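# Summary of the model geometry
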Amino acid sequence: MSTVAVTSGLGALPSRFRRERLLIVGYGDVGQRMARNLLTGPGAQRLRVLALTSSPERAPALRAQGITPLVGDLDQPATLHRLAGLAHRVLHLAPPPTQPAGEWWRDPRSLALARCLRQRSLPQALVYGSTSGVYGDCGGALVDETRPLQPTTPRAQRRVDAERVMRHLGRSLRVSVLRIPGIYAPDREGGTPRERLLRGTPVLRPEDDVYTSHIHADDLAAACQLAVWRGRPQRLYNVCDDTRLKMGDYFDLAADLYGLPRPPRVARDQAREQLPVSLLSFMSESRRLDNRRLKRELRLHLRYPTVADGLRAATVPV
């Protein structure tokens, strides 16, 4: 992957200003994985990675990782002024607020970032990490990126608003949107089904069950990296592996790999009585994501093509 430095017109500047600058907004697990890939891979010396953080005390740890910390808070737009005109490329992984003040369907964080970036010279490219939840319930259909959006939860509706804000910004720069399903990885907090299996949380019986999609965190980080350099303008990408499993079958597979009891199966009416609303929302939407555009255009080679591959790798002793 090319990380060619932006040198036009910068020949007389110190080397730290000639390096191409990538800004990561929402520097969590996936952003850290991508940064590690970039800073240890070919062309690392030609790239400077910056990360927005709302916690000044986190700055030393970021510097130790080779990251330049920028202190600012998306919930306080006045703190974002340093971001304007700073980066050549931006990866936006920050989620909308859980309970935004005012209009609940809006994502004020994405709006604040977009307004800040407009204040000075715009970056060349921006990638936004959205959710596959924007499609809503598709009745188990195979879903590509052209499918109309039908968000059914407040969280998904805020993501639709964020996509709208970012794609409006895309009238002036290259913006790509990644629609991301469930993320898993053994070294990610809550990144495997093991804890849920140990709790004995039930899943739906086969006739009530729903299709879900997944992506390993390492493959997602690779997809983000590719999109930053290869994503097409105003392009949408489903970022998922090749698995086509219903939710209950996924937990059965995990239980077998871990040597744990399979979860109990219940009817949907029983699930409504036993499970929290947040979990039920995932059990009310069924869709199979089509990832052909991800492979064809971004040329992503999945390290873990299926959840069986990813979960099996997690069970191999180190």
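Residues numbered from 1 in each chain as written. Predicted model: local features only at pLDDT ≥ 70, side-chain atom pairs only at ≥ 80, totals over all residues. Heavy atoms only, no water.

## Structural notes on the packing of aromatic side chains
- By the definition in use, this model includes two aromatic pairs.
- Considering the side-chain rings of Trp-104 and Trp-105, the 5.6 Å spacing of their centres and the 85° angle between planes classify their relative orientation as edge-to-face.
- Judged by its relative accessible area of 40%, Trp-104 falls in the partly exposed class.
- Taken together, a centroid distance of 5.2 Å and an interplanar angle of 70° make the contact between Tyr-250 and Phe-251 edge-to-face.
- Classification of Tyr-250 as buried rests on a relative accessible area of 6%. (Phe/Tyr/Trp six-rings, centres within 6.5 Å; stacked < 30°, edge-to-face > 60°. Buried < 20%, exposed > 50% of the residue type's maximum accessible area, 1.4 Å probe, protein only.)

## Quick word on the pairing of strand β1 (residues 20-25)
- In terms of residue burial, β1 counts as a mostly covered element, since six of its six residues are buried.
- Burial along β1 is two-sided: Glu-20, Leu-22 and Ile-24 and Arg-21, Leu-23 and Val-25, pointing in opposite directions, are all buried.
- Summarising the sheet, β1 and strand β2 (residues 47-53) pair through six bridges and their orientation is parallel. Along β2, the bridge assignment pairs Arg-21 with Arg-48.
- As judged from the four bridges shared by β1 and strand β4 (residues 89-92), these two strands associate in the parallel manner. Its bridge partner being in β4, Val-25 is matched across the sheet by His-92. (Helix = DSSP H or I, 4+ residues; strand = E, 2+ residues; numbered from the N terminus. Pairing = 2+ DSSP bridges.)

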